[in-house]
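Residues per chain, in single letters:
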Amino acid sequence: GRGGVRRRGLRAADRDAADHDAAEDASGALDALLRTLDALPPSEAGRMERLCAMLGAATDEVNERWESAVRASDAEEGAFAAQAVGLGGRSRLLDFLDVEGVLDAMAQRLLVFGGGGRDWRRTSSLSLGESAFMARVEGTGESGERCVLTVRMEREQRLEQAHGAARVRDSWALRSVTGEPAAARGELDAVCVHNPPEAVLEAALGALKKYDIEGAFRHASPANRLLMGPLDRFAEMLTQRPEYTPLLGHVSSEPLRKVQIGTERVVVIVGVRAAGRTRHLYSWSLRLQNNECWTDGSKCEGCWMIESLTTHSRAGFANGNING
């Protein structure tokens, strides 16, 4: 009757209010984390502090696995939590957060290697009940690349000490941060400081899929062109060398592993399914250009470009997870 309908309506209203309160708490936790990261200096020590802040914000499950990894190490490796994150290196903690799926390469550049002051702009947020929250945040990297980070958070209960006594408190923890280019798809084909390396690689692979050799060559760095030669030499490599011919007109491609190495280099392992249905594995190295310029004198400073391409398999690979 009417009473039952009213009670159901009140319960639905209570759930909506609880979800709203949860979203407010999660949003506040995310804002606090971003402020903490932005306040840290753009130094090697600051990068390590940002890494430790990301670990502290992660779920208890992730922290427990990290502590287990530390305990399992020997006395010398037991100090790897404090290893520095240099411009050309990676710490064990960074590798751990990468493998655990907490931070992908784009998130590492903006949140760990970046120097703060990212001018974050919340584009959307979504409460997934009282225990899960997702937000999309747009920011600009230190090099000028524009990215959108998808942040996923979970609410969990944590035991805390307060006034000499232990108490259980609800807390929002970081589950994962993944990134994607902020630019529209039509803008990603150009060589531009706003395009992240993932977008550059996607544009090059898209060109090769369409047999557009010149379009792919557009994203080769000056150093790469110096080593490889002009466009006709690149075309010869793709059409005459059997380890590279599968790239032309391939059916599908998928990044299988991305490794951020310092602030200026990314290595991406890509699985490719060729038109003949064979599978192949390639390693692409992309680097942020500094003072490099083209042979005509025009500059590509601040742009991510392809530095090298190598093959890992001529016959393909058996267990690649390629969708096509």
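Residues numbered from 1 in each chain as written. Predicted model: local features only at pLDDT ≥ 70, side-chain atom pairs only at ≥ 80, totals over all residues. Heavy atoms only, no water.

A.B. asks: Describe in detail the packing of aromatic side chains, supporting the description with residues and values.
C.D. replies: Centre distance and the angle of the planes are the two values used to describe a pair of aromatic rings. Going through the model one piece at a time under the given rule, you end up with 4 aromatic pairs. With a centroid separation of 6.4 Å and 70° between ring planes, the pair formed by Phe133 and Trp172 is classed as edge-to-face. Taken as a pair, Phe133 in strand E2 (residues 132-140) and Trp172 in strand E4 (residues 165-181) lie far apart in primary sequence, 39 residues in all. Each of the two residues, Phe133 as well as Trp172, counts as buried. Over the ring of Trp304 we find Arg109, and its NZ or CZ is 5.4 Å from the ring centre. (Phe/Tyr/Trp six-rings, centres within 6.5 Å; stacked < 30°, edge-to-face > 60°. Helix = DSSP H or I, 4+ residues; strand = E, 2+ residues; numbered from the N terminus. Buried < 20%, exposed > 50% of the residue type's maximum accessible area, 1.4 Å probe, protein only. Lys NZ or Arg CZ within 6 Å of the ring centre and 35° of its normal.)

A.B. asks: Outline the pairing of strand E7 (residues 279-288), supporting the account with residue identities and numerical values.
C.D. replies: Taking burial as the measure, the 10 residues of E7 include 9 buried ones, the bulk of the element. Where strand E6 (residues 265-273) meets E7, 9 bridges bridge the pair, whose relative direction is antiparallel. Across the sheet, Val266 pairs through a bridge with Leu286, a residue of E7. Pairing of E7 with strand E8 (residues 304-311), which is carried by 7 bridges, proceeds in the antiparallel orientation. Paired with Arg287 across the strands is Met305, a residue of E8. (Pairing = 2+ DSSP bridges.)

A.B. asks: So what's going on with the packing of helix H3 (residues 60-72) against helix H4 (residues 92-99)? Which residues, and what values?
C.D. replies: Viewed as axis vectors pointing N to C, H3 and H4 meet at an angle of 135°, and their least axial separation amounts to 11 Å. Looking at the two axes, H3 sits oblique to H4. Crossing of H3 against H4: the hand is right-handed. Here Val62, Arg65 and Trp66 of H3 lie close against H4, whose contacting residues are Arg92, Leu93, Phe96 and Leu97. Considered class by class, the residues forming the contact of H3 with H4 number 5 nonpolar, no polar and 2 charged. (Axes fitted to C-alpha atoms, helices over the stretch in contact; angles between N-to-C directions. Parallel < 35°, antiparallel > 145°, perpendicular 65-115°, else oblique. Left-handed = near helix turned anticlockwise from the far one by under 90°. Contact = heavy atoms within 4.5 Å. Nonpolar A, V, L, I, M, F, W, Y, C, P; charged D, E, K, R; others polar.)

Scope: geometric values only; no functional claims are made or implied.
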